[in-house]
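Residue strings, one per chain:
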Amino acid sequence: LAKTTQPISMDSYEGQEVNITCSHNNIATNDYITWYQQFPSQGPRFIIQGYKTKVTNEVASLFIPADRKSSTLSLPRVSLSDTAVYYCLVGPNQAGTALIFGKGTTLSVSS
Amino acid sequence: EADIYQTPRYLVIGTGKKITLECSQTMGHDKMYWYQQDPGMELHLIHYSYGVNSTEKGDLSSESTVSRIRTEHFPLTLESARPSHTSQYLCASSPGGQGAMNTEAFFGQGTRLTVV
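Computed from a predicted model, the values in this text were never measured in an experiment.

Asker: What am I meant to see in the overall build of chain A here?
Answerer: A count of helical and extended segments in chain A gives 0 helices and 9 strands. Moving toward the C terminus, one meets the helices and strands of chain A in the order β-β-β-β-β-β-β-β-β. The C-alpha atoms of chain A give a radius of gyration of 14 Å, which matches the 13 Å a tight globule of 111 residues would have. Principal-axis analysis of the C-alpha atoms gives chain A an extent of 40 × 30 × 25 Å. Here chain A holds 111 residues, and 45% of them are scored as buried. Accessible area for chain A stands at about 5,400 Å²; split by element, carbon and sulfur atoms hold 50% of it.

Asker: When you look at unusual backbone geometry in this model, what are you seeing that I'm missing?
Answerer: Of note, the bond from B:Thr7 into B:Pro8 is cis; its omega dihedral lies within 30 degrees of zero at -10 degrees. In this structure, B:Pro8 sits in the loop between strand 1 (4-7) and strand 2 (10-13). One non-glycine residue, A:Arg68, adopts positive backbone phi at about 60 degrees. Relative to the assigned elements, A:Arg68 resides in the loop between strand 6 (61-64) and strand 7 (70-75).

Reading the values: rules and limits
Residues numbered from 1 in each chain as written. Chains lettered and ligands numbered in written order. Predicted model: local features only at pLDDT ≥ 70, side-chain atom pairs only at ≥ 80, totals over all residues. Heavy atoms only, no water. Helix = DSSP H or I, 4+ residues; strand = E, 2+ residues; numbered from the N terminus. Rg over C-alpha atoms; globule rule 2.2 N^0.38 Å. Buried < 20%, exposed > 50% of the residue type's maximum accessible area, 1.4 Å probe, protein only. Areas by Shrake-Rupley, 256 points an atom, 1.4 Å probe, with all protein chains shown as cover.

Structure below.
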């Protein structure tokens, strides 16, 4: 999987929009960008995935510029329950390779 | 809803005991993983498998072993538990092959192991 860089931590208040950016300069042509969310004492949960442009689901939006060297996870109007660690993974996860999670971004939402 | 199960959820065991943590999935996924995670710390990959009879060590040397005799089952064994093995163990699975879906992993609830 391609190496990724994302902020270690972010703070926000309830009701704000939060954008977490992930850099992946060495992304390959067949790589997808996948984001996971992890709450304390639970395993990570897949939240969104994209290849290019914009993807939106009920949880978040994912913005990917044309060069695909970065991506931004956008959480609209966060609440206290969005406090979690967010991981960005890039790759096709080909046979013989594994999913490696980095340190992720710890998002803390306050009231 | 993910169909991946880990047992036991919690385990307290004495030093030197042999233990097996169970993980099963009913999604037919080719790839399965074991991760170790301490509170507030990174997920460390300790073992993975990309199909029956294939197992690989991850980036963390954990003194454990795994087997993959059936697609749905990926147990983790500690031959002699030590206090340093106290941690949370998370099992996951993902589809094989190429394309987007094989980076969508599903995690079990985890096993919290305490070795005394």
